[in-house]
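Summary of the model geometry
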Amino acid sequence: MKRHCICWLVAFLFQAGLGGLAGAPLLPVYDLTRPDEARQWQGPHHITQLEPTAEGLRMHLAGKDPYIHSPPRDFPAGQMLWAILRLKSSSGGLAQLFFFDRHATEEQSRRFMVPQGQWTEVRLPLPALGPQYRFRLDPPGDSGEAILASLRFEPRAEFTPPPRQWQPPAAGRRMVLKSGQVEWWDAPDSQWGGEMRVNGQVMAYAHPRLQIAYVHELKQHWLNIPSPQVDLSRAGYRLEATWKDPRGANWRYVQHFRSGLTDVIEVHTMLETSQDTEVLYAPMFLLFPGEGSFGTNKSQALFAGLEYLENESSSSEADIIGPESRRQVPANHKITFPLMAIQMHSRYVALAYDRHLSFSAVFDSPDRLYGSGGHVMGVIWPESDGANRPEGSLVPHFPRLLRAGQKVECSLRLLGGRGETVIPAVQQYVALHGLPAYAKNYLDLTAYEELASLGWLRSKAREGNRYRHAVWPGFNAQPAADAALYMTWLGRRASHFSTELHAAAKEALALVPPQNYYHSAVSHVRSPATPLVFGHVGENVATARAYAAGLLKRLGDDYVIRYRPQSGGTDYARTYWTNHANGLTFQPLAEALEAAAFCGDRELTARALAALRAQQRYQNGVPRGAQTWEIPLHTPDILASAHLVKAYVLGYELSGDPAFLEQARYWAWTGIPFVYLVQPTLGEVGIYNTIAVLGATSWKAPVWFGQPVQWCGLVYADALYRLAEVDPQGLWRKVAEGITVAGLQHTWKANDTNRVGLLPDYFLLREQRADGPAINPGTVGANAVNYYTRAPLYGFRRLVRAGFNVHAPGLVRVQQDTPRTARLNVQGWPAQNYYVLLCGLPAMPRIKVNGREQALQPPHEADAAAGWMALQVQGVATVEVQFP
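Residues numbered from 1 in each chain as written. Predicted model: local features only at pLDDT ≥ 70, side-chain atom pairs only at ≥ 80, totals over all residues. Heavy atoms only, no water.

Structural notes on the overall build of the protein
Per the secondary structure count, the protein includes 15 helices and 45 strands. Expected size for 884 residues packed as a compact globule is a radius of gyration near 29 Å; at 30 Å, the protein falls within 12% of this value. A principal-axis box enclosing the C-alpha atoms of the protein has dimensions of 100 × 75 × 50 Å. Going through the 884 residues of the protein one by one, you find that 60% of them count as buried. The contacts in the protein between residues at least 6 apart in sequence include a share of 69% that link residues at least 24 apart. For the protein, the accessible area works out to roughly 32,700 Å², and carbon and sulfur atoms hold 48% of it. Computed over 84 positive and 78 negative side-chain charges, the inter-centroid distance for the protein is 2 Å. (Helix = DSSP H or I, 4+ residues; strand = E, 2+ residues; numbered from the N terminus. Rg over C-alpha atoms; globule rule 2.2 N^0.38 Å. Buried < 20%, exposed > 50% of the residue type's maximum accessible area, 1.4 Å probe, protein only. Contact = heavy atoms within 4.5 Å. Areas by Shrake-Rupley, 256 points an atom, 1.4 Å probe, with all protein chains shown as cover. Lys, Arg positive; Asp, Glu negative; His and termini not counted. Charge placed at Lys NZ, Arg CZ, Asp CG, Glu CD.)

Observations concerning helix H3 (residues 423-433)
Considered for burial, the residues of H3 that qualify are Ile423, Pro424, Ala425, Val426, Gln428, Tyr429 and Val430. Among the residues trailing H3, Gly434 stands out with phi positive, at a value near 75°.

What about the sheet that holds strand S38 (residues 810-817)?
In spatial order, the strands read S38-S39-S45-S41-S42; together these 5 strands make up an open sheet with antiparallel pairing. Each end of this open sheet is capped by a strand with a single partner; those strands are S38 and strand S42 (852-853). (Pairing = 2+ DSSP bridges.)

Things to note about the side chain of Asp761
Tracing the sequence through the fold places Asp761 in strand S34 (residues 759-764). Notably, Asp761 is buried but unbridged: the nearest opposite-charge side chain belongs to Arg755, and the N-O separation is 11 Å. A distance of 3.2 Å separates polar atoms of two side chains, one belonging to Asp761 and the other to Trp711. Other than its neighbours up to four places away in sequence, Asp761 contacts Trp704, Pro708, Val709, Gln710, Trp711, Asp771, Gly772, Pro773 and Ile775. (Salt bridge = Lys/Arg side-chain N within 4 Å of Asp/Glu carboxyl O. Polar contact = N/O pair within 3.5 Å; in protein donor to acceptor, adjacent residues only side chain to side chain.)

Comments concerning the packing of helix H8 (residues 537-555) against helix H10 (residues 602-613)
Relative to each other, H8 and H10 sit at 35°, their axes nearing to 10 Å. In this structure, the crossing between H8 and H10 has a hand that is left-handed. Here Arg545, Ala548, Ala549, Leu552 and Lys553 of H8 lie close against H10, whose contacting residues are Leu604, Arg607 and Ala608. Residues belonging to the contact of H8 with H10 are distributed by class as follows: 5 nonpolar, no polar and 3 charged. (Axes fitted to C-alpha atoms, helices over the stretch in contact; angles between N-to-C directions. Left-handed = near helix turned anticlockwise from the far one by under 90°. Nonpolar A, V, L, I, M, F, W, Y, C, P; charged D, E, K, R; others polar.)

Considerations on the pairing of strand S13 (residues 182-186)
The buried fraction of S13 amounts to 5 of the 5 residues, a majority that puts the element mostly inside the structure. Here 5 bridges tie strand S12 (residues 174-179) to S13, and the two strands are oriented antiparallel to one another. When the sheet's bridge partners are listed, Lys178 is paired in S13 with Glu183. In this sheet, strand S14 (residues 195-198) lies alongside S13 in antiparallel orientation, the contact comprising 4 bridges. Its bridge partner lying in S14, Trp185 is registered against Glu195.

Things to note about the environment of Trp222
Topologically, Trp222 is positioned in strand S17 (residues 219-224). In the structure, Trp222 is positioned 419 residues away from Ser641 in sequence and 45 Å away in space, judged by C-alpha atoms. In this structure Trp222 touches Thr160, Pro161, Pro162, Pro163, Gln211, Ile212, Ala213 and Tyr281, once residues within four positions along its chain are discounted.

Some thoughts on the sheet that holds strand S35 (residues 769-775)
As summarised here, the arrangement of the 3 strands in space is S33-S35-S34, forming an open sheet in which the pairing is antiparallel. Across the chains shown, the open sheet's two edge strands, defined by having one partner strand only, are strand S33 (470-471) and S34. In the sheet, S34 pairs with S35 via 5 bridges, with the strands oriented antiparallel. Looking at the pairing, Phe763 lines up with Ala770 of S35. Where helix H13 (residues 710-726) meets the sheet, it contacts S34 and S35, and its direction lies at approximately 115° from that of S34.

A short note on the confidence of the model for the protein
Considering every residue of the protein, the mean pLDDT works out to 94; 97% of them sit at 70 or more. Every residue in residues 1-22 scores below 50 in pLDDT, and together they form 29 contacts with partners more than four places removed in sequence or on other chains. (pLDDT = per-residue confidence, 0-100.)

Here's the deal with the packing of aromatic side chains
Here the structure, examined in full by the defined rule, presents 36 aromatic pairs. Aromatic pair Phe288 and Tyr370: ring centres 5.6 Å apart, planes at 90°, arrangement edge-to-face. Of this pair, Phe288 sits in strand S22 (residues 277-289) while Tyr370 sits in the loop between strand S27 (360-364) and strand S28 (376-381), and the two are 82 residues apart along the sequence. As far as burial versus exposure is concerned, Phe288 and Tyr370 are alike and both buried. (Phe/Tyr/Trp six-rings, centres within 6.5 Å; stacked < 30°, edge-to-face > 60°.)

Looking at the pairing of strand S6 (residues 81-89)
Taken across its 9 residues, S6 has 7 buried, putting it largely inside the fold. Note that S6 and strand S9 (residues 120-126) share 7 bridges and pair antiparallel. Across the sheet, the residue bridging to Leu81 is Leu126, located in S9. When S6 meets strand S11 (residues 143-155), the two strands line up antiparallel, connected through 9 bridges. Each bridged residue has a counterpart across the sheet, and for Leu85 the counterpart in S11 is Leu151.

A few points about the environment of Ala387
Take Ala387: it is sitting in the loop between S28 and strand S29 (400-402). By relative accessible area, Ala387 is classed as partly exposed at 48%. Along the sequence, Ala387 and Arg123 sit 264 residues apart, while their C-alpha atoms lie 9.0 Å from each other.

Some thoughts on the nonpolar core
Of all hydrophobic cores here, the largest spans 242 residues; its most connected members are Trp184, Phe285, Tyr370, Leu414 and Met487. Take this core: its biggest share by element is 12 residues, from H13. Residue contacts for Met487: discarding those within four places in its chain leaves Trp456, Leu457, Tyr467, Leu501, Ala504, Ala505 and Ala508. Counting residues in each nonpolar core, the second largest holds 31 residues, with Leu27, Ile68, Ala95 and Leu97 among its members. (Core = buried A, V, L, I, M, F, W, Y, C linked by side-chain atoms within 4.5 Å.)

Things to note about helix H9 (residues 582-599)
An ideal rise of 1.5 Å per residue puts 26 Å on 18 residues; H9 measures up with 25 Å between its terminal C-alpha atoms. Where burial is concerned, most of H9 is hidden: 16 out of the 18 residues are buried. Note on H9: the residue one or two positions beyond its end, Gly600, has a positive phi of about 75°. (Expected span 1.5 Å × (residues − 1).)

A short note on the packing of helix H11 (residues 638-655) against H13
Running from amino to carboxyl end, H11 crosses H13 at an angle of 25°, the nearest separation of the two axes being 8 Å. Accordingly, the angle class assigned to the pair H11 and H13 is roughly parallel. The handedness of the crossing between H11 and H13 is left-handed. Here H11 contributes Ile638, Leu639, Ser641, Ala642, Val645, Lys646, Val649, Leu650, Tyr652 and Glu653 to the contact with H13, which in turn contributes Trp711, Cys712, Gly713, Val715, Tyr716, Ala719, Arg722, Leu723 and Val726. (Parallel < 35°, antiparallel > 145°, perpendicular 65-115°, else oblique.)

Focus on the side chain of Arg156
Along the chain, Arg156 turns up in the loop between S11 and S12. Here Arg156 occupies a buried position and makes no salt bridge, while the nearest side chain of opposite charge, Glu158, is found at 4.8 Å. A polar atom in the side chain of Arg156 sits 3.1 Å from the backbone oxygen of Leu81. Sequence-distant contacts of Arg156, defined by excluding residues within four places in its chain, comprise Gln79, Met80, Leu81, Trp82, Pro125, Leu126, Pro127 and His397.

As for the pattern of salt bridges
Within this structure, the stated rule accounts for 51 salt bridges. Arg174 is the partner of Asp186 in a salt bridge, and the nearest nitrogen-oxygen pair spans 3.2 Å. On the criterion of sequence distance, the pair formed by Asp186 in strand S13 and Arg174 in strand S12 is long-range, its members being 12 residues apart. Its salt-bridge partner being Arg562, residue Asp558 comes within 2.8 Å of it at the nearest N-O pair.

Following this line, the structure appears as C-alpha cells:
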C-alpha cells in the first residue's frame, strides 16, 4: 500500500504539471551524497563526527538529543510542500524534522518512523515556507549511526473536507428497533437520518446526507450517496443504496441495524465499488448527539485516550497548544479503546467499534466539522496511521485504493442508558468487550527478582549507599529507607544476590535517621512499611502524627488545596475556570488519611475523615490537576484518579461508610479511559499501557497523547490493589496486574548496564522503545510484590467494632472483630522478625501471639497514653486481642 501511495503521488505531480516543469518554480534539493553539499550541514549536537561519504552524510550519535542543521534555502511563497528524506539508521525509531526561518519549535516540525538498518524514503507534508528556511534533523536513537542521503521537495496538493451543508434531520416516525432503554426510529424524510432515543428521550440522529470523496483523473470529486431502500424484517433494519458514478462505476452502500444485547444496537456498514477507486473519505457511521434536543451543551463527554470533558469544548488549547490540539480525527495509536460518549439529561449515548486500526474515529464536541447543532462521533475510512493525514482532518494527505469488488466493512455498536456521568458508558463497554489478557508469563518471579536486584545494586540509580529517584540531570542521590525495604524483600529468598542485598539495605538504612523511616523514600509508590520491618515503630508513630497534623493544616478550613503559581513562574491554572482541582487536593488528603491511620490518633482521624466528607464539590467529576509542576491544572490526569481511589479506600476502611467505597469505585472507573484496552500498534507492548494526562507538558511539548507514562499508571495500580482488598468482586485486581506487567515490559533489561532494572519515564509505542529519565525500581516493585505473591508489601486493616487499626508488612486478615475481642492472621513477608502495629486502641488489651500470651516489654513496644503497641513476630502469626 505504501508503494501504491508513492506511485500515485508521483503520477499526480507529473500530470498536474507541478514537478518542476516549465513555468513552475524550482524547489531546493539537498544532495548529501555530494561532499561539498554535505559539509554545509553544521551544528552537530550529541554527534561525535559528521562524515561525508558516497552514501550521504554519516552521523555518529553519542547522546540523548542528536541533531544537525541545514544551510538556508529559499522557497516559493504560498506553495505547500512534500519533504522527501532518504536516510538509514542503525537503531531505527522515531525521528524528527524541524523547519524554521528563526529557531526550531515543536509546532514547526514533523515526526516520522525510520526502520532499523535499511534505507527508507519518508514523505512529510509541510506548509508553505518562504525565504531563508532551514531544517534540523533529529535522527533516531542516542548511539550508533545514521546516514542522510538527500532531502528534496515537491509541491503538494491539499484535499478539502466535506462541505458543511448541514440539513437538520426530520423526526423519526416509527420505532424500528428496541434494546432495553435504547430505541432506533426510522426517519424516511431524512434519507440516512435515523433517530436514537434513550429511555424515551431523543438523544441523537444519524447523518441525513452522506457523501464519499474520491480522486479521478487527479482531481477530487464528491459523490452523494442516494436515498436508501429500506427493509425492515426479523433480521433487523436495513438501508441499502446502489448507484453509478460519472465514470460508470457501480457503487453499493449498506447499513444493517439489529438489536444486540441489552441497551445495545449493532450496526454493520459495507461499501464496495465495481472499479478500482482512489478513496479519500467514506463514512461508516456518523452520529450527532444533541442535534434537535440538547444542542451543543453536555454534562460530560469522553473519547478514550484523548478527551475527558465536562461542559467544555473538545480539541481546545486548554491542555495543549498547537496542531496536536486538533483531536477530531486522531492517529489510531492514541486511542486507548474505541469508545466515544456524550452524557446529558441523566442519560448517555455512546459509540464503540471494532478493528480500530483499520478506520478513523471522528469526535467533535461541539460539532465544528459538519455544522450540526450538536456533537459528532463516528467512524470513517481510510484509517489514521499517524502519518497519512493532518491532525484532526477528515481527509488524508493522499487517497486509499479501494479495489474493484473489495468490501470495506465496519461493525459498531450504539450504546445508551441512564447515568449522571460518562462512567456508565465505560462500564458498558467493558461489560461488552471484557478486559484484555496480559502477558502472564512475560517474566517469572525469579527473573523479576534478578532484574530488580540489578536495578538497586548495579544501575546508575545507586551511588554508594544513596539512591536516585531517577537517572537524569537534576535527580541527586539521597538517603532512602524505601531502597532498604525493597532490597530486603528481594533478599528474603536465597539467591546469589541475597547477601549483597541485605548488606546494601543495612548500609542504606544507616544513612536515614530512624524517626524518618516513615517518609524517607525515592519511589513514586510509598507506604509506611519501613518501620514495621526495621523497627523504631514508636518514633515513626510520632512522625506520622506530626505529618498528618501538618497536612490537615495545609488543607485549611475548607479542606482544599488552591494552586498558586511560583513567583515569576508559569501559571498552570490560567486555562481553568478555578484555582483548585481534585488531583491537587487529594494527594495531601490521601497522605493525611494514611498518616492518621498509622498513628491511630482519633482526633486526627476524625479531622481527616471530615476533610474527605467535605469533597462533595468534586463528586461525579473528571480527574484533573495532579501534576501541576509541569501540566496545566485543567488537564485530565490518571494520577488524580489514583489519589482519589486511595483516599476513599482509606476513608472506607477507617469509617466503614459505604458511601466512601462507592466513591472509590467511581474514581477507579475514571482511570480506565487512560488505560490501553486494545493493542495500539502492531508491536508487542501496548496492552495495559497507561496515558498519564490528556494534554502536554507546559501546553506544548512533550505531547502525551499516545505516549504511555507507566509510573503514573503504577501509582493508580497500587490504589487498585488496595481497592481490590475491600471490593474483591470488582475488576480492579486484573487491571492492576495488567498495568504491572506493562511496567515490567517497559523496564530496561540487563543489556543496558546503566539502566538495568529501572523504569522509563515514558514509552514510545510506535517504535517500541523505552525513553526518558530512568526511574528507580521501587515504583514497579510495590506492584510487582502484589502481582507475584498476591500479598501486599504493606497491609492495613481497620477493625471497626473493636475500634483499632492494624498495620503489618504483608497480608492482614481479620478473623474476628467484636467490641471486646479480635483475632488477626498476619502473613508477613520478612524472613527476619518484624512488627505488627496496633494503634488507636481504646484501652490496653491482653495479647496472644500464636496462642501464647505476651507481656508488653521488649522486643515489643507500647505506649498506653498514645494508644498503640507494636508486637514483634515472625512469619505467619495469629494475634488475639482481648479488651478488659
